[in-house]
Amino acid sequence: MTAPLRLGTRGSALAMAQSGHVAAALTAATGREVELVEVLTAGDRSAAPVHRLGVGVFVSALRDELTAGTIDFAVHSYKDLPTGDAHGLHVAAVPTRQDPRDALVTRDGRTLAELPPGARVGTGALRRIAQLHALGMQLEVTPIRGNVDTRLGRVLGPDADLDAVVLARAGLARLDRTEVITETLDPMLMLPAPAQGALAVECRIDDQDLVELLAVLDHAPSRAAITAERALLATLEAGCSAPVAAYGVIAEGEPTGEGDVVQEIYLRGAVISPDGTRDLRLSRTGTPADAAEIGKALAAELLELGADSILGQEGHAGPGTQQFGSTE
């Protein structure tokens, strides 16, 4: 009998759910059995803000296990991956992306627009902190960290001390917790992080049989959108905890003369100062085949408008806040 494939994953409830979904999909598509192997990462061992731990703290231990051959492939939250290539490793599949928007969970059912000045809103990401400040609603933004249940407990539990929290909708969906969502936030108000809601299925590049096997999970439109968003992030030379937002949407374009319909990618990008006083937002369109170039070109336009000076401020998250990274 063929031995089960060993899938490396972080041990959080969300990571296990994500990896479980990938394992089930691969078995259903190919018949290969998969076993989950829990790997403890530096990010899991520390309670410090992610930006102080460095880029890739939720990824490097999994990649070390991959390189050593103790696991066959790994599943990452794609937004946790550094934008540079990892030597000897390959993202063999980007499964169909979950809804990348952010979700608001409030104590009393109020929407974002209904929150009063001074309402305490918790979030772990500097990108969200910056955009909440940019709304000009005089909210008291409180940095929080922890898994999904810990964050929800700050607003829904018996010891709740916040009026609202902002989380990735995708994480709540993968945990079957969407019933707690008060409002899914319009990207015009809260643009998602690059690659939010997407997974990266990674293996060793020299394991060609596995590269081909995992390719059955790849969703081309999701990969194209992620490619554009991460090209923007890489060109800005910003890390995953920086106040950078990007959202690529694949849509049907105008019919050609031959009757074919060409797909288009519509990419929005933003760089927001941590205190919300500077907010640069631009968009660009093109074809999915040119996804990387679209992201690079949009980043270049943002840099021409002064995005680099905003990114130089990212150590300061505005009055009364502290910068925390977030994977969930």
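Our subject is the structure listed above.
Reading the values: rules and limits
- Residues numbered from 1 in each chain as written.
- Predicted model: local features only at pLDDT ≥ 70, side-chain atom pairs only at ≥ 80, totals over all residues.
- Heavy atoms only, no water.
- Helix = DSSP H or I, 4+ residues; strand = E, 2+ residues; numbered from the N terminus.
- Buried < 20%, exposed > 50% of the residue type's maximum accessible area, 1.4 Å probe, protein only.
- Contact = heavy atoms within 4.5 Å.
- Pairing = 2+ DSSP bridges.
- Right-handed = clockwise from strand over helix to strand, strands pointing away.
- Salt bridge = Lys/Arg side-chain N within 4 Å of Asp/Glu carboxyl O.
- Axes fitted to C-alpha atoms, helices over the stretch in contact; angles between N-to-C directions.
- Left-handed = near helix turned anticlockwise from the far one by under 90°.
- Nonpolar A, V, L, I, M, F, W, Y, C, P; charged D, E, K, R; others polar.
- Expected span 1.5 Å × (residues − 1).
- Core = buried A, V, L, I, M, F, W, Y, C linked by side-chain atoms within 4.5 Å.

Visitor: Would you mind showing me how to read the environment of A238 here?
Guide: You can see A238 is positioned in the loop between α9 (220-235) and β11 (244-255). Residue classification places A238 among the buried residues on the basis of a relative accessible area of 10%. Sequence-wise, A238 and P82 are 156 residues apart; in three dimensions their C-alpha atoms are separated by 9.7 Å. Among all residues touching A238, those that are not within four sequence positions of it are L233, V244 and L311.

Visitor: Would you explain the pairing of strand β6 (residues 120-123) in this entry?
Guide: Two faces make up the sheet, and in a regular strand the side chains alternate between them. The pairing of β6 with strand β7 (residues 140-143) spans 4 bridges and is classified as parallel. Pairing of R120 across the sheet is with E140, part of β7. Tracing the backbone out of β6, into helix α5 (residues 126-134) and back to the parallel element β7 gives a crossover that is right-handed. Examined bridge by bridge, β6 and strand β8 (residues 164-168) share 2 bridges and lie parallel to one another. Looking at the pairing, G122 lines up with V165 of β8.

Visitor: Could you clarify how one ought to interpret the pattern of salt bridges in this entry?
Guide: Close approach of charged atoms allows side chains of opposite charge to pair. What the rule picks out here adds up to 15 salt bridges. With a closest N to O distance of 2.8 Å, D161 and R154 form a salt bridge. For D161, a relative accessible area of 32% corresponds to the partly exposed category. Through salt bridges with shared partners, a single network forms among D102, R127 and R128.

Visitor: Any chance you could explain the pairing of strand β10 (residues 199-204) here in plain terms?
Guide: For β10, the buried fraction is high: 6 of the 6 residues fall into the buried class. Pairing of strand β3 (residues 73-77) with β10, which is carried by 5 bridges, proceeds in the antiparallel orientation. The residue bridging F73 from the neighbouring strand is C203, located in β10. In terms of strand pairing, strand β4 (residues 89-93) meets β10 through 4 bridges, oriented antiparallel. Following the sheet pairing, L89 is matched in β10 by R204.

Visitor: Which parts of the structure should I look at to understand the packing of α9 against helix α10 (residues 291-304)?
Guide: When two helices pack together, their arrangement is given by the angle between their axes and by how far apart the axes lie. Orientation of α9 relative to α10, taken along the N-to-C sense of each, is 35°, at an axis distance of 7 Å. Regarding α9 and α10, the two cross each other, and that crossing is right-handed. Taking contact as the criterion, the partners of A224, T227, A228, A231, L232 and T235 in α9 are, on α10, A291, A292, G295, K296, L298, A299, L302 and L303. Looking at side-chain class alone, the contact of α9 with α10 contains 10 nonpolar, 3 polar and 1 charged residues.

Visitor: Help me understand α9, please; the structure alone is not making it clear to me.
Guide: Compared with the 22 Å implied by 1.5 Å per residue over 16 residues, the 22 Å span of α9 between its first and last C-alpha is a close match. Along α9, the residues classified as buried are S222, A224, A225, I226, A228, E229, R230, A231, L232 and L233. Phi turns positive one or two residues past the end of α9, at E237, with a value near 55°.

Visitor: Sorry, what's going on with the sheet that holds β3 here?
Guide: By way of backbone hydrogen bonds, the strands of a sheet pair with one another, either parallel or antiparallel. Judged by pairing direction, the sheet is mixed, and its 5 strands sit side by side in the order β2-β1-β3-β10-β4 without closing on themselves. Every other strand in the sheet has two partners, leaving β2 (34-38) and β4 as the edge strands with one partner each. Between one strand axis and the next, the sheet turns by 35° as a mean value, whatever way the strands run.

Visitor: Looking at this structure, how should I read the nonpolar core?
Guide: In summary, soluble globular proteins display a tendency toward joint burial of nonpolar side chains. By size, the foremost hydrophobic cluster in this structure holds 21 residues, and its most contacted members are L232, L236, A238, V244, V271, L302 and L311. Within the residue set of this core, elements represented by two or more residues are α9, β11, β12 (261-272), α10 and α11 (307-311). For this core, the leading source of residues is α10, giving 5 residues.

Visitor: I'm lost on the environment of F73 in this one. Help?
Guide: Here F73 shows up in strand β3. A sequence separation of 11 residues divides F73 from L62, and the C-alpha atoms of the two residues are 8.9 Å apart.

Visitor: Is there a simple way to think about unusual backbone geometry in this case?
Guide: At Q138, a residue that is not glycine, the phi angle is positive and equals roughly 60°. Backbone geometry places D176, a non-glycine residue, at a positive phi of 55°. With respect to the secondary-structure elements, D176 resides in the loop between α7 (169-174) and β9 (183-184).

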